[in-house]
Amino acid sequence: MIELWGRPNAYNVQKALWILRELGLEFIHYDVGSRRGDLDTPEFLALNPHGRIPVIRDNDAVVWESNSIVRYLAARYDPVTLWPPEPLARSCAERWMDWELDKLQPDFIDLFWGFYRTPAQSRDYHLIDAARQKCARHFRQLDRHLEQQPFVAGESFTMGDIPCGICLYRYFEMGLDVEKPAGVMQWYGRLSQREAYRNTIMTPFDELKGRVDF
Ligand SMILES: N[C@@H](CCC(=O)N[C@@H](CS)C(=O)NCC(=O)O)C(=O)O
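The following paragraphs examine the structure supplied in this document. (Residues numbered from 1 in each chain as written. Predicted model: local features only at pLDDT ≥ 70, side-chain atom pairs only at ≥ 80, totals over all residues. Heavy atoms only, no water.)

### Details of the overall build of the chain
Thought 1: When helices and strands are tallied, the chain shows nine helices and four strands.
Thought 2: What you see in the chain, going N to C, is helices and strands ordered as β-α-β-α-β-β-α-α-α-α-α-α-α.
Thought 3: Its C-alpha atoms give the chain a radius of gyration of 17 Å, near enough to 17 Å, the size a compact globule of 214 residues would have.
Thought 4: For the chain, the C-alpha atoms occupy an extent of roughly 45 × 45 × 25 Å along the three principal directions.
Thought 5: Within the span of the chain, comprising 214 residues, buried residues form 51% of the whole.
Thought 6: The contacts in the chain between residues at least 6 apart in sequence include a share of 69% that link residues at least 24 apart.
Thought 7: If you sum the accessible surface of the chain, you get close to 10,300 Å²; carbon and sulfur atoms cover 50% of it. (Helix = DSSP H or I, 4+ residues; strand = E, 2+ residues; numbered from the N terminus. Rg over C-alpha atoms; globule rule 2.2 N^0.38 Å. Buried < 20%, exposed > 50% of the residue type's maximum accessible area, 1.4 Å probe, protein only. Contact = heavy atoms within 4.5 Å. Areas by Shrake-Rupley, 256 points an atom, 1.4 Å probe, with all protein chains shown as cover.)

If you want it as structure tokens, here you go:
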């Protein structure tokens, strides 16, 4: 049986939840986070020495780092479609996953924390606007890529869509006026047709509003 540690409203935990549901796998979910001191315990640090979520355990195998969890579950449980077996197609999925970690996520987190998670009276609108412009640039790049194909790694949905697709719902629904490039919007429409996406990502997040702790 697979076990997953991590609060379900956390950005990186949602990657693990989404792929577990995409794969239709049964799992035990422990709703843990640093707010309650759960991530500093010796038991949790033995699972992930970095004290971060998500973490999964699949029988005896422990995996941390959200994109590595996505890669592991795709390769282990669907090495035909979610994990593209052809090296070049797989590298396309992986390079956008790496790009998400390196570029999109840091700027999206700056935007989400700067605007949504910061109480209105404490917001720094210079920082928010800089992050909004960086995110717009990232989504224009992704848009140019998606003009050529319906999904990140080609004609069908793969693990490559998961990290890049995580932030779309919050990006469009958090109450900021943001650019909506046509190719990204069509891709968002395709993701929204997936039950696992709707049940995991398109979920209310107002409990995070104005909350600067985890
Ligand atoms: N690069 C790591 C980042 C892990 C990370 O920072 N996770 C956040 C949640 S998104 C966390 O552990 N925060 C503490 C908490 O939520 O209590 C990954 O992708 O798994």
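### Structural notes on helix H3 (residues 66–77)
Thought 1: A rise of 1.5 Å per residue sets the reference length of H3, with its twelve residues, at 16 Å; its end C-alpha atoms lie 16 Å apart and thus fit the reference within 8%.
Thought 2: Among all positions of H3, only Ser 66, Asn 67, Ile 69, Val 70, Arg 71, Leu 73 and Ala 74 are buried.
Thought 3: If you follow the buried residues of H3, they end up packed against strand S1 (2–5), helix H1 (11–22), strand S3 (55–58), strand S4 (61–64), helix H4 (87–116) and helix H6 (161–165). (Expected span 1.5 Å × (residues − 1).)

### Focus: the site of the ligand
Thought 1: Every one of the 13 residues lining the ligand counts as a neighbour, but Arg 7, Ser 34, Ile 53, Glu 65 and Ser 66 are closest to it.
Thought 2: In this structure, an oxygen atom belonging to the ligand sits 2.6 Å away from a side-chain N or O atom of Ser 66.
Thought 3: Here the ligand loses 86% of its free accessible area of 500 Å² to cover by the protein chains.
Thought 4: Because more than half of its atoms lie within 2 Å of the grid, the ligand is assigned to the largest pocket. (Near = heavy atom within 4 Å. Polar contact = N/O pair within 3.5 Å; in protein donor to acceptor, adjacent residues only side chain to side chain. 1 Å grid on protein atoms, 1.4 Å probe; cavity = no way out; pocket = protein on both sides within 12 Å on 5 of 7 lines; lining within 4 Å. Sits in = over half its atoms within 2 Å of the grid points.)

### Comments concerning the packing of aromatic side chains
Thought 1: Applying the stated rule across the entire model yields 16 aromatic pairs.
Thought 2: Here the aromatic rings of Phe 108 and Phe 112 are separated by 5.7 Å at their centres, their planes lie at 20°, and the arrangement is stacked. Of this pair, Phe 108 and Phe 112 both sit in helix H4, separated by four residues, roughly a single helical turn. The same class applies to Phe 108 as to Phe 112, namely buried.
Thought 3: Measuring from centroid to centroid gives 5.9 Å for Phe 112 and Phe 205, while their planes differ by 55°, and the two rings are tilted. With Phe 112 in helix H4 and Phe 205 in the segment after helix H9 (195–200), this pair connects stretches of sequence that are 93 residues apart.
Thought 4: By relative accessible area, which is 4% here, Phe 112 ends up buried.
Thought 5: Here the guanidinium or amino end of Arg 194 rests over the ring plane of Phe 157, the centre of that ring lying 3.8 Å away. (Phe/Tyr/Trp six-rings, centres within 6.5 Å; stacked < 30°, edge-to-face > 60°. Lys NZ or Arg CZ within 6 Å of the ring centre and 35° of its normal.)

### What to know about the layout of surface pockets
Thought 1: Counted as a void, the largest pocket has a volume near 570 Å³.
Thought 2: If you go around the largest pocket, you meet 26 residues; those closest to its centre are Asn 12, Arg 52, Ile 53, Gln 105 and Phe 214.
Thought 3: Of all elements in the fold, only H1 and H4 reach the threshold of two or more residues within the lining of the largest pocket.
Thought 4: Counting residues per element, the lining of the largest pocket draws most heavily on H4, which supplies six residues. (Points joined across faces, edges and corners; volume = space filled by probe spheres on them.)

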